[in-house]
Amino acid sequence: MRNYTTETEPAPVVSPWVDELLPGLIDFRRDLHAHPELSFKEFRTTDKLVERLEAAGLKPRRLEETGLTVDVGEGPIATALRGDIDALPIIEETGLPFASKNHGVTHACGHDVHTTAMLGIALTLQRMHKNNPLGGTVRIIFQPAEETMPGGALSCIEQGVLEGVPRILALHCDPRINVGQIGTRIGAITSASDTIKIELSGRGGHTSRPHLTEDLVFALAQIAVNVPAVLSRRVDVRSGVSVVWGQISAGSAPNAIPGSGYMAGTMRCLDRDAWHSAGELLDDVVRQVAAPYGVDVHLEHTRGVPPVVNSEHETALIEASARAELGENAVVLTPQSMGGEDFAWFLADLPGAMMRLGTHTPGGEEYDLHRGDFIVDERALGYAIRVLTAAALRTIRDLEQ
């Protein structure tokens, strides 16, 4: 296995192959941005991708409902590359001339960039293959429904997209990193993420006589405070277990204890093993905290996704490709995110890595993901194609040795 951490030999120069395609790819990305589609409803997006890939002489395979895969090259599969294609239920506030035409839906997480980057990689590799056979195959996965839990990756895996695949690589836009750079990290780069929904019910009454009620408002408050505290003492602190509540609601009058209440939040964790143990523990802790107050507890705990854990070899592969294509200062260390990402399911049985793609214009306005005003520096698209095409070519080269 090649040691990419010490590699000094020159890599193939991808830029000339990409530059000619970029204007059309930018137009394609803007069209996707103007027509965003929610999870498992990416019908137009899928059709547009199939149309472009078939026009290049490729044979994409549609997945059930939405999404597709396409193999480029010939011979054994050297690597898979994955891009997610769905949008978010957010109102766009960018004011861009190609802003969303689907009110209430927007590409606020950069999946239009991810999708177009994967299309660009497929087209670039196909042009290279026609010029000189690649000697290996790259499988590109256009995955639907990343923004749902537990994610569309599981559906893709069930449909056999990983058959014969030795490794898998991916990217994600990062507005904290300057355009022209990528962020990498060995080990966990994202967090596990679960959703918790709790409904309490009990005998209500007047606030002057709480002892005659099952005071579920007080019980909600105790769960909100004590469940995170208990977990912090029952799970290894190095795993970073975090329970945060986003919703708490009960009652309609200041002098009446209600008969029902609701709270919801997330549990996040930086470690895969701790995620499993904390998830099993959480349900018991909620019920134990609520028990003294006599309330009935209905708990809905939805297991989400484990952390994305980057393997050392594949991370080094991406880093070497980025430095060769973009320069020695192209790679920065990225902090571990507390966000969830269903690319983790692909890494359950395969080595692989996800890179962070810098989308921030140096000196420009700062944006964040999942916001209606999120804007990317479109130069990032070309950089993404160059880095991951170069990485794919390196894996093909490894097949020949």
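Residues numbered from 1 in each chain as written. Predicted model: local features only at pLDDT ≥ 70, side-chain atom pairs only at ≥ 80, totals over all residues. Heavy atoms only, no water.

Q: Would you mind going over the overall build of the chain with me for this structure?
A: Scanning the chain from terminus to terminus reveals nine helices and 16 strands. Its C-alpha atoms put the chain at 85 × 45 × 45 Å along the principal axes. Here the chain, with 401 residues, has 55% of them falling under the buried criterion. Within the chain, contacts between residues at least 6 apart in sequence are counted, and of these 81% link residues at least 24 apart. Of the roughly 16,900 Å² of accessible surface on the chain, 50% is carried by carbon and sulfur atoms. (Helix = DSSP H or I, 4+ residues; strand = E, 2+ residues; numbered from the N terminus. Buried < 20%, exposed > 50% of the residue type's maximum accessible area, 1.4 Å probe, protein only. Contact = heavy atoms within 4.5 Å. Areas by Shrake-Rupley, 256 points an atom, 1.4 Å probe, with all protein chains shown as cover.)

Q: How do you make sense of the state of the cysteines when you look at a structure like this?
A: Every disulfide links exactly two cysteines, by a covalent bond between their sulfur atoms. In this structure the tally under the stated criterion is zero disulfides. The closest cysteine sulfur to the non-disulfide-bonded C109 is located on C173, 7.7 Å from its own sulfur. Residue classification places C109 among the buried positions, given a relative accessible area of 5%. Considering cysteine sulfurs only, C109 is the nearest to C156, which forms no disulfide, with 17 Å between them. (Disulfide = S-S within 2.5 Å.)

Q: Whenever I open this one, the pairing of strand 2 (residues 68–73) confuses me. Can you help?
A: The side chains of a regular strand alternate between the sheet's two faces. Pairing between strand 1 (residues 61–62) and strand 2: two bridges, direction antiparallel. In the sheet register, R61 faces strand 2, and the bridge partner there is T69. The antiparallel hairpin formed by strand 1 and strand 2 contains five residues in its connecting segment, where E65 sits at a positive phi of about 65 degrees. (Pairing = 2+ DSSP bridges.)

Q: Mind showing me how you'd approach the packing of helix 8 (residues 312–326) against helix 9 (residues 379–399) here?
A: Axis angle and axis distance: for two packed helices, these are the angle between their axes and the distance between the axes, and together they describe the pair. Where helix 8 meets helix 9, the closest approach of the two axes is 8 Å, and the angle between their N-to-C directions is 125 degrees. The angle between helix 8 and helix 9 falls in the class oblique. Judged by the twist between their axes, the crossing of helix 8 over helix 9 is right-handed. Of helix 9, the residues touching helix 8 (which contributes L317, I318, A320, S321, A322, A324, E325 and L326) are Y383, R386, V387, A390, A391, R394 and T395. Taken together, the residues of the contact of helix 8 with helix 9 break down into 10 nonpolar, two polar and three charged. (Axes fitted to C-alpha atoms, helices over the stretch in contact; angles between N-to-C directions. Parallel < 35°, antiparallel > 145°, perpendicular 65-115°, else oblique. Left-handed = near helix turned anticlockwise from the far one by under 90°. Nonpolar A, V, L, I, M, F, W, Y, C, P; charged D, E, K, R; others polar.)

Q: How should the packing of helix 6 (residues 216–234) against helix 7 (residues 272–290) be read in this particular structure?
A: Between helix 6 and helix 7, the shortest axis-to-axis distance is 9 Å and the interhelical angle comes to 135 degrees. For the element pair helix 6 / helix 7, the angle class is oblique. For the crossing formed where helix 6 meets helix 7, the hand is right-handed. Residue-level inspection shows Q222, I223, N226, V227, V230, L231 and R234 of helix 6 in contact with helix 7, the latter providing A278, L281, L282, V285, V286, V289 and A290. Split by residue class, the contact of helix 6 with helix 7 holds 11 nonpolar, two polar and one charged.

Q: Honestly, the sheet that holds strand 2 in this entry has me stumped. Any pointers?
A: The strands making up a sheet associate through backbone hydrogen bonding, with each pair oriented either parallel or antiparallel. The mixed open sheet is built from eight strands, whose spatial order is 1-2-4-3-5-16-6-15. The open sheet has two edge strands, strand 1 and strand 15 (331–333), and neither has a second partner. As paired strands, strand 3 (residues 77–84) and strand 5 (residues 168–178) are joined by three bridges and run parallel to one another. Looking at strand 5, one finds that L81 is bridged to L169. Packing of helix 4 (residues 111–131) onto the sheet brings it into contact with strand 2, strand 3, strand 4 (137–143), strand 5 and strand 16 (352–360), and relative to strand 3 it is tilted by some 150 degrees.

Q: For this particular structure, what's the right way to read the pairing of strand 3?
A: Burial of strand 3 is extensive: eight of the eight residues sit out of reach of the surface. Pairing of strand 3 with strand 4, which is carried by seven bridges, proceeds in the parallel orientation. Each residue of the ladder has a partner; that of T79, found in strand 4, is V138. With respect to chirality, the unit in which strand 3 leads through helix 4 into the neighbouring parallel strand 4 is right-handed. (Right-handed = clockwise from strand over helix to strand, strands pointing away.)

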